[in-house]
Each structure stands twice: as C-alpha cells, then as structure tokens.
Amino acid sequence: MRHPFRDTRGRRVGGKSTTREPIIQESVSSEHEYGPEAGHESGQESGPDAEHDAEPEATRRTAGVAESARANRGWWDRNADEYQVEHGTFLGDDRFVWGPEGLDEVEAELLGPPEDLKGRDVLEIGAGAAQCSRWLAAQGARPVALDISHRQLQHALRIGGAFPLVCADAGELPFADESFDLACSAYGALPFVAEPVRVLKEVRRVLRPGGRFVFSVTHPIRWAFPDEPGPEGLSVSASYFDRTPYVEQDEEGRAVYVEHHRTIGDRVRDVVAGGFRLVDLVEPEWPAWNTAEWGGWSPLRGNLIPGTAIFVCERSEMGAPPAGGWGRD
C-alpha cells in the first residue's frame with residue numbers, strides 16, 4: 001500500500017540540502033526509543049545523505065510498535081527533502097489539506113469555523129513541514145507541530161513560523177494532561193503505528209474536556225485494490241479483511257517502511273477504545289479541478305472509489321478509558 005503523501009519508495013534522496021540546521025525540541029522518550037540505534041543497526045547512516053543502493057523488498061508481514069516506529073522515522077528522515085520538492089507546491093506553505101483529493105480546511109471546517117480557532121491551543125500530529133500548523137497560526141490559533149521525523153521538521157523551520165516544533169512519537173506525547181483544545185492529523189502517525197489505540201489514548205489525555213480530534217488516513221477500502229492510478233487499480237486483488245501490515249524491508253529483513261491496515265469497523269472501535277466519540281466520518285469526493293496523480297491517487301480512481309477517510313472525534317466525558325480501552329482493540 002502506498003501512502004498518498006509519498007509516492008516514492010526506497011529511492012535515495014539526492015544531493016545535499018541547503019536546509020539550515022535547526023534547534024528543535026525533542027522529547028526524552030523519543031530520543032531514548034529512536035536515538036543511537038535508529039538507522040545504525042547495520043552501520044548505515046540514517047540522515048538524508050545516506051546511501052541506499054538496494055531496492056527494498058515489499059511484503060506483507062507482522063511488524064510491532066518499535067520496528068514500525070524505527071522504520072518510519074528513518075524513511076521520512078531519508079526522504080523528507082525529495083518529498084518536499086515533489087509535493088510542496090500542492091501542499092503549499094500555509095494550506096490545511098486533508099488528503100490528495102485536495103479537501104481544504106477552509107471549506108471543510110472540520111475543526112470548526114475559522115473564526116473560532118483564534119486563541120485555541122492546537123496540536124498537529126505528523127506535521128511534516130507544518131503546513132497545517134502555519135494555516136492555523138494565521139487564523140489566530142496557537143499550534144504545536146509534532147512529527148517523528150527530525151528532517152521533516154527541519155523543513156518546517158526552513159519555511160518559518162512562530163510556533164513550537166516537537167520531534168516525538170505520537171504514542172508517547174511529551175505534553176501535560178489537558179494541554180490542548182484541538183488536535184489534528186492529516187495522514188500523520190495513525191497509518192504507520194502498530195497500536196493506534198495507544199495514540200488515541202495519548203491524544204485524549206492531552207485534550208481538554210470537549211476537545212476535538214480530527215484525523216485523516218488512507219480509506220481502508222483501498223487496501224483491497226492494487227496501488228495503481230490507472231485502470232489496473234480498479235480490480236480487487238486482495239482481501240479487505242487482511243490486516244497484515246505492508247512492509248518494505250532491506251536485504252537482511254529489517255523493515256525500512258511500515259504501513260498498517262485497519263478496516264472501517266476497526267477504526268471506529270479504535271476511536272471508542274481511545275476515549276472518543278465519533279462525530280462524523282468524511283469521505284471526500286474527487287473534485288473536478290484536481291487533475292493530479294499522487295501515487296495511487298488519481299481522478300480516475302477518485303471518481304469511483306474513496307481514497308481518504310476523515311474521522312471527526314470528540315473527547316468522551318464518560319471518564320478516562322480503562323487499561324483495556326472501551327471496545328475491542
């Protein structure tokens with residue numbers, strides 16, 4: 001399964017970037033879990049100039065929390081430069097786009113009317129270059145942009161913005177309880193984590209009572225189809241109910257990219273188990289103006305099958321979820 005906000009796999013990021021080295025807040029837990037060992041277990045560099053000559057092998061196999069996090073942090077660090085070059089124009093510097101269809105928060109208002117965002121504390125999870133946070137700041141909100149990839153946040157610093165950048169794992173947020181009014185994630189974190197309920201519980205913890213969390217992911221139905229933008233991507237080729245993760249691994253079997261599949265029912269149960277109630281589920285239609293292809297996302301497929309699912313959730317006030325969560329993990 002190809003993540004829509006990346007359509008390159010295993011390709012080396014070319015050339016040295018001119019991005020200046022930032023000072024970015026990095027949580028202790030993130031450094032501990034993904035620090036010296038991340039990307040160096042085989043003696044390889046993990047930075048953007050690392051050599052990755054061999055094409056990774058694509059497979060479906062199990063991948064746990066630590067392996068998924070190490071692989072995906074390394075992937076985004078290596079590919080951040082190329083990603084921003086290829087997709088920066090579509091994303092803009094200060095737009096809030098929910099997915100490849102181009103649904104903009106300006107029109108969607110899933111976080112609420114723009115005028116109500118002023119003075120709100122907002123956490124963006126999987127922020128990348130923090131385009132969404134920049135838009136939120138322009139509305140008068142007080143955003144914090146969090147990402148597991150230090151290199152992505154370097155691009156956020158390069159573009160600029162007077163808001164904090166935090167490099168940390170979404171499953172262990174380095175914030176106090178009830179620190180934010182809102183949280184959002186446009187294809188960030190949740191497609192890549194082995195235990196999404198863990199992330200949802202953390203988001204609930206840092207939200208204030210009545211807080212809203214809106215996140216977008218690959219529409220689960222896409223996992224049943226080949227990841228191709230043309231007609232070959234319109235015939236079912238796999239079971240929708242196969243939850244086996246998509247993994248790209250190196251010659252020694254170490255994961256270098258991991259993406260996890262959840263059915264629609266799984267996602268709904270995850271939301272409830274994480275301590276939220278589902279307010280809305282948005283499946284954006286492909287607009288006539290968008291003629292671009294992005295990986296497996298295209299006008300042809302977008303007019304026939306959904307490509308993005310956006311979950312609009314509010315913190316449940318039934319009390320904190322029990323250790324096992326509410327509902328089935």
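Since the model is a prediction, treat every value here as computed from it, not as a measurement.

> If you had to explain the overall build of the chain to someone new, which residues and values would you point to?
Regarding its fold elements, the chain presents eight helices and eleven strands. Burial status across the chain gives 57% buried among its 329 residues. In the chain, 75% of the contacts between residues at least 6 apart in sequence involve partners at least 24 apart. Of the accessible surface of the chain, which amounts to about 13,600 Å², a share of 50% is contributed by carbon and sulfur atoms.

> Now, about the pattern of salt bridges: what can you tell me, with residues and values included?
Under the counting rule described, the total for this entry stands at 18 salt bridges. In this structure, the salt-bridge partner of Glu202 is Arg205, at a minimum N-O distance of 2.9 Å. Taken together, the residues span about one helical turn, with Glu202 and Arg205 both in helix H6 (residues 196-206) at a distance of three residues. The exposure class assigned to Glu202 is buried, which follows from its relative accessible area of 14%. Note that Glu317 is salt-bridged to Arg315, the shortest N-O span being 3.3 Å.

> Pulling in residues and values, what's your account of the environment of Arg158?
Here Arg158 lies in helix H5 (residues 150-159). For Arg158, a relative accessible area of 43% puts it in the partly exposed group. Considering only alpha carbons, one finds Arg158 and Ala129, 29 residues apart in sequence, at a separation of 8.6 Å. There is a polar contact of 2.9 Å between the side chain of Arg158 and the side chain of His155.

> Can you lay out helix H7 (residues 264-273) for me, pointing to particular residues and giving the numbers?
All buried positions along H7 are accounted for by Asp266, Arg267, Asp270, Val271 and Ala273. Looking straight down H7, one finds that the buried residues subtend no more than 165 degrees of arc, so they occupy a single side. The inward-facing, buried residues of H7 contact H6, strand E7 (207-218), strand E10 (276-282) and strand E11 (308-315). Backbone geometry just after H7 places Gly275 at a positive phi near 95 degrees.

> Help me get a handle on the side chain of Asp77, residues and values and all.
Mapping Asp77 onto the fold places it in helix H2 (residues 65-91). Put simply, Asp77 is tucked away with no salt bridge, and the nearest opposite charge, on Arg73, sits 4.2 Å away. A distance of 3.1 Å separates a polar side-chain atom of Asp77 from the backbone nitrogen of His150.

> Describe the sheet that holds strand E2 (residues 57-60), listing the residues and the values that go with them.
Within the open sheet, the three strands sit side by side as E2-E8-E9. Their pairing is antiparallel. One side of each edge strand has no neighbouring strand; the edge strands of this open sheet are E2 and strand E9 (255-259). The sheet shows a mean angle of 20 degrees between the axes of neighbouring strands, direction not considered. Across four bridges, the pairing between E2 and strand E8 (residues 246-249) is antiparallel.

Criteria and cut-off values
Residues numbered from 1 in each chain as written. Predicted model: local features only at pLDDT ≥ 70, side-chain atom pairs only at ≥ 80, totals over all residues. Heavy atoms only, no water. Helix = DSSP H or I, 4+ residues; strand = E, 2+ residues; numbered from the N terminus. Buried < 20%, exposed > 50% of the residue type's maximum accessible area, 1.4 Å probe, protein only. Contact = heavy atoms within 4.5 Å. Areas by Shrake-Rupley, 256 points an atom, 1.4 Å probe, with all protein chains shown as cover. Salt bridge = Lys/Arg side-chain N within 4 Å of Asp/Glu carboxyl O. Polar contact = N/O pair within 3.5 Å; in protein donor to acceptor, adjacent residues only side chain to side chain. Arc of directions from axis to C-beta. Lys, Arg positive; Asp, Glu negative; His and termini not counted. Pairing = 2+ DSSP bridges. Axes fitted to C-alpha atoms, helices over the stretch in contact; angles between N-to-C directions.

Any link to function would need more than the numbers given here.
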